[in-house]
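# Understanding the architecture of this molecule
Here's the letter readout for the chains.
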Amino acid sequence: MPDLDLDQLLAVARATAVAAGDLIREKLDQPRQTSSKGFRDLVTDADLATQRLITRRIREAFPSHGFLPEEENADLPTEGEVIWVIDPVDGTTNYSRQLPIFCVSMAAVIPVRGPVVGVIYDPLRQECFYSVQGEGAWLNGRSLQVSPITELSQAIIGLDWSHHKQMRQSVLDSLSRFAHQVQTVRAFGSAALALAWVAAGRLDAYLNYSLQPWDTAAAGLLIAEAGGQISHLDTTPLYWAEATQSVLGSNGRIHQRLLERVAGGE
Ligand code: IPD
Ligand code: CA
Ligand code: CA
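Quick caveat: nothing in here was measured; it's all calculated off a predicted structure.

Tallied over the entire structure, the rule returns six salt bridges. The residue Lys 37 makes a salt bridge to Glu 71 at a minimum N-O spacing of 2.9 Å. With Lys 37 in strand S1 (residues 34-38) and Glu 71 in the loop between strand S3 (66-69) and strand S4 (83-90), this pair connects stretches of sequence that are 34 residues apart. A relative accessible area of 35% means that Lys 37 is categorised as partly exposed. Judged by its relative accessible area of 5%, Glu 71 falls in the buried class. Here the salt bridges share partners, and the residues they tie into one network are Lys 37, Glu 70 and Glu 71.

In this model, the largest pocket occupies a volume close to 830 Å³. Among the secondary structure elements, those contributing two or more residues to the lining of the largest pocket are S1, strand S2 (41-44), S4, helix H3 (92-96), strand S12 (205-211) and helix H6 (213-225). At four residues, S12 tops the list of elements feeding residues into the lining of the largest pocket. Classifying every residue of the lining of the largest pocket by side-chain character gives nine nonpolar, 14 polar and 11 charged. Here the lining of the largest pocket spans two domains, since at least three of its residues come from each of domain 1 (6-143) and domain 2 (152-263). Here the second largest pocket is characterised by a volume of approximately 230 Å³. Lining of the second largest pocket is provided by 13 residues; of these, Pro 115, Gly 220, Leu 221, Ile 230 and Leu 238 occupy positions nearest its centre. Sort the elements by how many residues they give to the lining of the second largest pocket and H6 lands first, with five residues. Its residues placed into classes, the lining of the second largest pocket shows nine nonpolar, four polar and no charged.

This part covers the sheet that holds S12. Pairing is mixed in the open sheet, where five strands are placed in the order S11-S10-S12-S14-S13. If you trace the sheet from one side to the other, it starts and ends with strand S11 (184-186) and strand S13 (229-231), each paired once. The mean angle between the axes of side-by-side strands here comes to 15°, regardless of whether they run parallel or antiparallel. Note that strand S10 (residues 156-159) and S12 share three bridges and pair parallel. Bridging from a neighbouring strand, Gly 158 pairs with Tyr 206 of S12. Packed onto the sheet, helix H4 (residues 165-178) meets S10, S11 and S12 and runs at close to 155° relative to S12. Sitting on the sheet, H6 touches S12, S13 and strand S14 (245-250), and the angle it makes with S14 is about 25°.

Conventions adopted
Residues numbered from 1 in each chain as written. Chains lettered and ligands numbered in written order. Predicted model: local features only at pLDDT ≥ 70, side-chain atom pairs only at ≥ 80, totals over all residues. Heavy atoms only, no water. Salt bridge = Lys/Arg side-chain N within 4 Å of Asp/Glu carboxyl O. Helix = DSSP H or I, 4+ residues; strand = E, 2+ residues; numbered from the N terminus. Buried < 20%, exposed > 50% of the residue type's maximum accessible area, 1.4 Å probe, protein only. 1 Å grid on protein atoms, 1.4 Å probe; cavity = no way out; pocket = protein on both sides within 12 Å on 5 of 7 lines; lining within 4 Å. Points joined across faces, edges and corners; volume = space filled by probe spheres on them. Nonpolar A, V, L, I, M, F, W, Y, C, P; charged D, E, K, R; others polar. Domains from an automatic or database assignment. Pairing = 2+ DSSP bridges. Axes fitted to C-alpha atoms, helices over the stretch in contact; angles between N-to-C directions. Contact = heavy atoms within 4.5 Å.

Shown next, in the form of structure tokens:
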């Protein structure tokens, strides 16, 4: 297999994510069709149209690549030397109510190496977060670093609630164990964007009990390349294709202490 050109993967991913974001933004004010695909789990016509745009553009550029997209599409190949892990709209519940926090998330994964390129695009702020394995992480051309915060008492922690009843209870239980120790807590409703904000040093950590590969593939690479840490809540590393992941992404400096709190330590 010839060496893959990561710069080419990145260029296509960035251009595609921006085009996808433009489409989402255009559709934000238009009448919307929203349906339920599971318990507390929505999909809109914009999610489906955006995923179609993304997969069409990737297939034009890389006909032999495979896909792991959020929205079902039996016509897409699932295997290839590169797998594109795609969340066309991360933050669909926000989007469906015109709450202005959502993004496009795309990662190019080499199955034995994990994510090698990740792009998260916030179309309302026109912020493109991107990273390349071993080379760094950037926001609109500026290099990214996680925050320098070392004390939990100064940390701003993001989290989201989970759809499922039991996991939502776990979030509440763990929140009750650390909320008093930190500066404050935010729930934004877009896991990929909140994790990108950890990479950018805006948040010090982000916690979720039930994420999917398309929520974490690009964001995990961004955090690692910005000098942070991402793991399951039991400290084991993430695997890019794993369904339903518990995740803590952080600046690394507060990772262990926050995990101990989340797990019930003093
Ligand atoms: C959801 C968001 C949310 C997280 C959920 C995800 P979606 O993704 O990332 O923040 O808490 O677990 O499913 O459905 O909007 O793509
Ligand atoms: Ca998502
Ligand atoms: Ca989605």
